[in-house]
Amino acid sequence: MTPQPSGPTPFDHRMAVFGADDEFVAAALPFLAEGLGAPGEPPPVAIAAPEKLDLLRDALGADAKDVAFIEHTDWYTGSAANAVAQGAGYLAGNAGPGGRIHLLMEPVWDGRAGRSARETAEWIRYEALANLLFAPMATTALCAYDTRTAGECVVEAARRAHPDTGVYEDPVRLAAELDAVPLSLPSPDAERLREPYADAVRAQAMDRGLTRVDAELFAESVLAATATLGRVTSARLWGDAPSCVCELRTTKRVADPLAGFVPPPATELEPDQGLWFARQVCAYVDIRDDDHGATVRLQYG
């Protein structure tokens, strides 16, 4: 998928920042009312912490019956790529024509998202790339940022990924900035793998403590990635369960910032969609292009 122009698109991606419950309600109610009043749209959706959903139900009164409520731990279940898949799947099954629907969305900041600089960077990448991934859709999203859980540093970074903030950055430029951070050095105990790489990953991962099922999934994700990347010149694996890491070197640059984030059109994946599968399975998939090809690092767990 080629990144789309950063100019106006049907996707309306907004941000609300608050530091108190009453501020959250004050931002959420007009947004949900806008969705309730939008002709031809299905009911708006509130995705937030359970206590915030209770606040909204009380504030909405009789209108609460016309709003869908989803606990955010049921929506944000893993990686940024998992969030893309969740959003795409929900829009396909529930949105109106062209993806028309209002989504109030609060990430799980006391879980994976935001708990470290690594997680924050991954989340900001998701927020930035959402402007490209959902650009063709007439979806209206309000991302809710609670400074009591997200923190000011996360909020300031997220402002750069939302077009309504005044400090919005082009998504491709922002993703490139995140990718300019060098990868950490491989662990001294990294093992070089021999082909077939999937078999080697499976065996090494089990030796390092992954269950047979997890080792099989990890091996399948590496195999899927290699099908997308072309010729792999070397592979190595390190780390103990649950966080095993496999690093691949390839002679072909990846180049596309959306690689592995674009939802496939069908359940049967084509070979060039292997990075999508890898991103769904792995906690992280890091890609760094250079003059000689690319380094692709997959972390399971």
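Scroll up a little and you will see the structure.
Here the structure is a predicted model, which means the values were calculated and not measured.

Rules and cut-offs
Every chain's residues receive numbers from 1 upward, in the order its sequence appears when written. At least 70 in pLDDT is required for a residue's local features to be given in this predicted model, at least 80 for side-chain atom pairs to be given and counted, and no such filter applies to totals for whole chains, interfaces and linings, which use all residues. Side-chain figures throughout are based on the complete set of non-hydrogen atoms in the structure, without hydrogens or water. Each pair of aromatic rings taken from Phe, Tyr and Trp, with Trp reduced to its six-membered ring, is defined by centres within 6.5 Å and is described as stacked if the planes are under 30 degrees apart, edge-to-face if over 60, and tilted in the remaining cases. What counts as a helix is a DSSP run of H or I of at least four residues, what counts as a strand is a run of E of at least two, and both are numbered from the N terminus. The buried label goes to any residue with under 20% of its type's maximum accessible area, the exposed label to any with over 50%, and the partly exposed label to all in between, with areas taken from a 1.4 Å probe on protein chains only. Only Lys NZ and Arg CZ are tested; either one counts as a charge over a ring when it is within 6 Å of the ring centre and within 35 degrees of the ring normal. Whenever a carboxyl oxygen of Asp or Glu lies within 4 Å of a side-chain nitrogen of Lys or Arg, that contact is scored as a salt bridge. Two strands are counted as paired when DSSP detects at least two bridges linking them. With axes taken as lines fitted to C-alpha atoms, and helix axes fitted only over the stretch in contact, angles between N-to-C directions fall between 0 and 180 degrees. In this analysis, two residues are considered to be in contact whenever any of their non-hydrogen atoms come within 4.5 Å of each other. Roughly parallel covers angles under 35 degrees, roughly antiparallel covers those over 145, roughly perpendicular covers 65 to 115, and oblique covers all other angles. What makes a crossing left-handed is the near helix being turned counterclockwise from the far one by less than a right angle; a clockwise turn instead makes it right-handed. Think of it as three bins: nonpolar holds Ala, Val, Leu, Ile, Met, Phe, Trp, Tyr, Cys and Pro, charged holds Asp, Glu, Lys and Arg, and polar takes everything else, Gly as well.

Enquirer: Honestly, the packing of aromatic side chains in this entry has me stumped. Any pointers?
Expert: For any pair of aromatic rings, geometry is given as the distance between the ring centres together with the angle between the planes. Counted according to the given criterion, the structure contains 6 aromatic pairs. Taken together, a centroid distance of 4.6 Å and an interplanar angle of 45° make the contact between Trp-123 and Tyr-126 tilted. With Trp-123 and Tyr-126 both in helix α5 (residues 117-133) and 3 residues apart, this pair spans about one turn of that helix. Taken as a pair, Trp-123 and Tyr-126 share a single burial class, namely buried. Their ring planes at 40° and their centres at 5.6 Å tell us that Phe-218 and Tyr-300 sit as a pair that is tilted. Taken as a pair, Phe-218 in helix α9 (residues 212-229) and Tyr-300 in strand β10 (residues 293-300) lie far apart in primary sequence, 82 residues in all. When sorted by exposure, Phe-218 lands in the same class as Tyr-300, which is buried. Across from the ring centre of Phe-24, 5.9 Å away, lies the NZ or CZ of Lys-52, which sits over that ring. Over the face of the ring belonging to Phe-69 we find Arg-57, whose NZ or CZ atom lies 4.5 Å from the ring centre.

Enquirer: Could you clarify how one ought to interpret the pattern of salt bridges in this entry?
Expert: When charged atoms on two side chains of opposite charge get close, those side chains can pair. Within the structure shown, the criterion is met by 23 salt bridges. We note a salt bridge from Arg-57 to Asp-54, for which the minimum N-O separation is 3.1 Å. One end of the pair is Arg-57 and the other is Asp-54, both in helix α2 (residues 50-60) and 3 residues apart, which spans about a single turn. For Asp-54, a relative accessible area of 43% translates into the label partly exposed. Here Asp-189 ties to Arg-208 by a salt bridge, and the two come within 3.1 Å at their closest N and O atoms. Of this pair, Asp-189 sits in the loop between α7 (171-179) and β6 (191-192) while Arg-208 sits in the loop between α8 (197-207) and α9, placing them 19 residues apart in sequence. Accessibility expressed as a relative area gives 35% for Asp-189, which makes it partly exposed.

Enquirer: What's the story with the sheet that holds strand β1 (residues 12-18) in this structure? I'm lost.
Expert: Hydrogen bonds along the backbone pair up the strands of a sheet, which may run parallel or antiparallel. Judged by pairing direction, the sheet is parallel, and its 5 strands sit side by side in the order β1-β5-β4-β2-β3 without closing on themselves. The sheet terminates laterally at β1 and β3 (68-71), the two strands that pair on one side only. Pairs of neighbouring strands in the sheet enclose a mean axial angle of 15°, with direction left out of account. Across 4 bridges, strand β2 (residues 45-48) lies against β3 in parallel orientation. By the bridge assignment for β3, Val-45 is matched with Ala-68. Seen against the sheet, α2 touches β1, β2, β3, β4 (101-105) and β5 (139-146) and runs at an angle of roughly 165° to β3. Of the strands in this sheet, β1 and β5 touch helix α6 (residues 152-159), which is tilted by about 155° from β1.

Enquirer: Help me understand the packing of helix α1 (residues 21-36) against α2 in this model?
Expert: When two helices pack together, their arrangement is given by the angle between the helix axes and the distance between those axes. Running from amino to carboxyl end, α1 crosses α2 at an angle of 60°, the nearest separation of the two axes being 10 Å. Taken together, the axes of α1 and α2 lie oblique to each other. Between α1 and α2 lies a crossing of right-handed hand. Residues Asp-21, Phe-24, Val-25, Ala-28, Leu-29 and Leu-32 of α1 touch α2, and the partners they reach there are Lys-52, Leu-55, Leu-56, Ala-59 and Leu-60. Residue composition of the contact of α1 with α2, by class: 9 nonpolar, no polar and 2 charged.

Enquirer: Help me understand the environment of Phe-24, please; the structure alone is not making it clear to me.
Expert: Relative to the helices and strands, Phe-24 is located in helix α1. Linking Phe-24 and His-162, residues 138 residues apart in sequence, is a C-alpha distance of 18 Å. Dropping the residues within four chain positions of it, Phe-24 is found in contact with Phe-18, Ala-48, Lys-52, Leu-56, Leu-104 and Ala-144.

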